[in-house]
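Chains, contacts and geometry: an overview
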Amino acid sequence: MADPTANGVEPEVETGTGSVIMGMDAAMTRHPQATYRALREAGPVLRIEGADGATIVTTSRTSEEEVLRHPEIYTSSGNAGSMGTERALIPLEIDPPVHRAWRRIVDPIFSPQRMALLEGPIEQLVHGLIDDFGDATEIDFAQQFSVPFPSQVFLAMIGLPLDDLPHLLAMKDGIMRAHVVLGTHFDDPRCQAFKEKTADEIFAYFGDALDAREQQRTDDVLSDLLDAEIDGRPLTRDELLEICFPLLLGGLDTVSATLDCFFAYLAEHPDHRRQIVDDPSIVRGAVEELFRYETPLMMTPRVVAGDAILAGCPVQAGDTVYMLHGVSNLDLDGLPDADEVRFDRDGNRHLSFGGGPHRCLGSHLARLELRVALRVWHERIPDYRIAPGVELEFTPVIRATDTFPMVLGESL
């Protein structure tokens, strides 16, 4: 256990419960690596006392892996309410052993074999979005690519109309970025009320979608879920809604944020970008390395179910644990050259998808989308950079930007 103000860590990062998020200002979320390096020097765990209890922050790979391996102590079910609903979201907020039964239902939907069938349509979509740029020399990468690309893939998979995308994105932001939508502070009480209202809207939306699919099955995820069984019985309507809710958030947010992070890095590092242009076979390694170094999902919470010792630090029932994935991914003990970006790295064991029983459900789809996007983009647009004078602003927790002015072409 370490003093959170030691070793040059900025004080605003750790001054009380909730401040782990509150300290993620624009400079930190845009380039978090410096803060991560400082945090890793503080020790494997930080314990931060606050008025409402302690917050525990993992600042090493070993401490994060310990949390991931022991869901009986570090529970996901204790997070109910953070998404605006007290209903346990499936499988996100369900712990083993029940969690395993739910994963047996949803894992096949996102299996590598099933995702491989999407490669052709995904490639066509990437080409189509780039075609839409026309002869433009400047675009908004977020609005014209990183948001519409994975969103359209998700809508096609799930079985929802493309015309509903603006409404779905608004509901997603109402949960994931309520403070941004309201223009207020992260812990403003109005944010929770807004999340609760948005959660009700999401459940109502999917209720209508499921009603329609019950009348007419199609080849999509909603139909698959309606035909699925658990313990020999069909899923209840509540269970179906509790699966659809996190699918919406993951399908419309995470890959968009990842594209923002990846292309911001490549726009600022032409030598690494040129490696992809010159040798497209390196794309698979580039995706894994950028996941490790940029770590779009900054942290994941758990709640302590019983008193324990985490990497030498006492934790008590009711404490909140935040796993800082970016710190783990830059841990020199696990990877001596972790501060270097190497697209030829072998055995890249990053934790950007988490680990253990709750490992990211959509990891195979995300990897496919990103590999195709990087390959096709760099075949067609080898030269690009962030527009002059622009400072990209990334949101905390999931690092995404609403606007990404990008200049295209060789005359940069």
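Residues numbered from 1 in each chain as written. Predicted model: local features only at pLDDT ≥ 70, side-chain atom pairs only at ≥ 80, totals over all residues. Heavy atoms only, no water.

1. A look at the packing of aromatic side chains
Put simply, the rule is: When the centres of two rings from Phe, Tyr and Trp lie within 6.5 Å, Trp using its six-membered ring, the rings pair. Their planes under 30 degrees apart give stacked, over 60 give edge-to-face, and anything left gives tilted. Helix numbers and strand numbers start at the N terminus; a helix is a DSSP run of H or I with at least 4 residues, a strand a run of E with at least 2. To sort residues, take the accessible area from a 1.4 Å probe on protein chains only and compare it with the maximum for the residue type: under 20% means buried, over 50% means exposed, and anything in between is partly exposed. In our convention, an over-ring charge means Lys NZ or Arg CZ found within 6 Å of a ring centre and within 35 degrees of that ring's normal.
Tallied over the entire structure, the rule returns 15 aromatic pairs. Consider the rings of Phe 141 and Phe 404, whose centres lie 5.1 Å apart with planes at 65 degrees: the pair is edge-to-face. In this pair, Phe 141 is assigned in helix α8 (residues 141–146) and Phe 404 in the loop between β11 (384–386) and β12 (405–408), connecting sequence segments 263 residues apart. Across this residue pair, the class does not change: Phe 141 and Phe 404 are buried. Aromatic ring contacts, followed pair by pair, group Phe 133, Phe 141, Phe 145, Phe 149, Phe 263, Trp 377, Tyr 384 and Phe 404 into a single cluster. Across from the ring centre of Phe 203, 4.1 Å away, lies the NZ or CZ of Arg 87, which sits over that ring. Lying across the ring of Phe 394, Arg 399 places its NZ or CZ 5.2 Å from the centre.

2. Some words on the pattern of salt bridges
Applicable threshold: Salt-bridge detection follows one rule: a side-chain nitrogen of Lys or Arg within 4 Å of a carboxyl oxygen of Asp or Glu.
Summed over all chains, the structure comprises 35 salt bridges. One salt bridge in this structure joins Glu 289 and Arg 292, with 2.9 Å as the shortest N-O distance. Of the two residues, Glu 289 and Arg 292 both sit in helix α16 (residues 283–294), 3 residues apart, roughly one turn of that helix. Assessed through its relative accessible area of 0%, Glu 289 is described here as buried.

3. Quick word on the sheet that holds strand β1 (residues 45–50)
The line we're drawing: Each pair of strands is called paired provided DSSP finds at least two bridges between the two strands. In what follows, residue pairs with any heavy atoms lying within 4.5 Å of each other are defined as contacts. Fitted lines through C-alpha atoms serve as axes, helices being fitted only where they are in contact, and the angles separating the N-to-C directions of these axes extend from 0 to 180 degrees.
Pairing is mixed across the open sheet formed by 5 strands, whose spatial order is β1-β2-β10-β7-β3. Every other strand in the sheet has two partners, leaving β1 and β3 (74–75) as the edge strands with one partner each. Against the sheet, helix α4 (residues 61–69) engages β1, β2 (53–58), β3, β7 (299–304) and β10 (320–324), with an angle of about 125 degrees to β10.

4. Let's talk about the confidence of the model for the chain
The cut-off we apply is this: Values of pLDDT, ranging from 0 to 100, describe the predictor's confidence in every residue of the model.
For the chain, mean pLDDT is 91; residues scoring 70 or higher make up 94% of the total. Contacts for the low-pLDDT stretch residues 1–18, under 50 throughout, to residues beyond four places or in other chains number 37 contacts.

5. Quick notes on the nonpolar core
Applicable threshold: The definition of a nonpolar core used throughout is a set of buried Ala, Val, Leu, Ile, Met, Phe, Trp, Tyr and Cys residues joined through side-chain atoms within 4.5 Å.
Core analysis: the biggest nonpolar cluster contains 112 residues, and Phe 145, Phe 149, Phe 263 and Trp 377 have the highest contact counts within it. Among the elements that line this core, the one with the most residues is helix α14 (residues 237–268), at 19 residues. Here Phe 149 is in contact with Ile 122, Leu 125, Val 126, Leu 129, Leu 259, Glu 369 and Ala 373, once residues within four sequence places are set aside. Ranked by size, the runner-up nonpolar core spans 14 residues in total, among them Leu 68, Val 304, Val 315 and Leu 351.

6. Section: helix α9 (residues 148–158)
Of all 11 residues that make up α9, 9 are buried, and the element is covered over most of its length. Listing the buried residues of α9 in full gives Pro 148, Phe 149, Pro 150, Ser 151, Val 153, Phe 154, Leu 155, Met 157 and Ile 158. In the stretch just after α9, Gly 159 is the one whose phi turns positive, near 95 degrees.

7. Concerning the sheet that holds strand β4 (residues 138–140)
Overall, antiparallel pairing links the 3 strands, which are arranged β4-β12-β11 in an open sheet. This sheet does not close on itself; its edge strands, each paired only once, are β4 and β11. Across this sheet, the average inter-strand angle for adjacent strands is 30 degrees, counted without regard to direction. Alignment of β4 against β12, held across 3 bridges, turns out to be antiparallel. Within β12, the residue paired with Glu 138 across the bridge is Val 407. Docked against the sheet, α14 engages β11 and β12, running at close to 105 degrees with respect to β11.

8. Comments concerning the packing of α9 against α14
Note the threshold: Oblique is the label for any angle not covered by the other classes, which are roughly parallel (under 35 degrees), roughly antiparallel (over 145) and roughly perpendicular (65 to 115). Note: crossing handedness is left-handed where the near helix turns anticlockwise from the far helix by less than a right angle, and right-handed where it turns clockwise. Note that Gly is not counted as nonpolar here; it falls among the polar residues with everything else outside the nonpolar set of Ala, Val, Leu, Ile, Met, Phe, Trp, Tyr, Cys and Pro and the charged set of Asp, Glu, Lys and Arg.
For the pair α9 and α14, the least separation of the axes is 8 Å and the interaxial angle reads 155 degrees. Considering their axes alone, α9 and α14 lie roughly antiparallel with respect to each other. For the element pair α9 and α14, the recorded crossing hand is right-handed. Across the interface between the two elements, Phe 149, Pro 150, Ser 151, Phe 154 and Ile 158 from α9 touch Leu 247, Leu 248, Gly 251, Leu 252, Val 255, Ser 256 and Leu 259 from α14. The residue inventory of the contact of α9 with α14, partitioned by class, reads 9 nonpolar, 3 polar and no charged.

9. Digging into the side chain of His 99
Positionally, His 99 belongs in helix α5 (residues 98–106). Taking the relative accessible area as the measure of exposure, His 99 reaches 1% and is therefore buried. Sequence-distant contacts of His 99, that is, excluding residues within four places in its chain, are made with Pro 91, Ile 94, Pro 357 and His 358.

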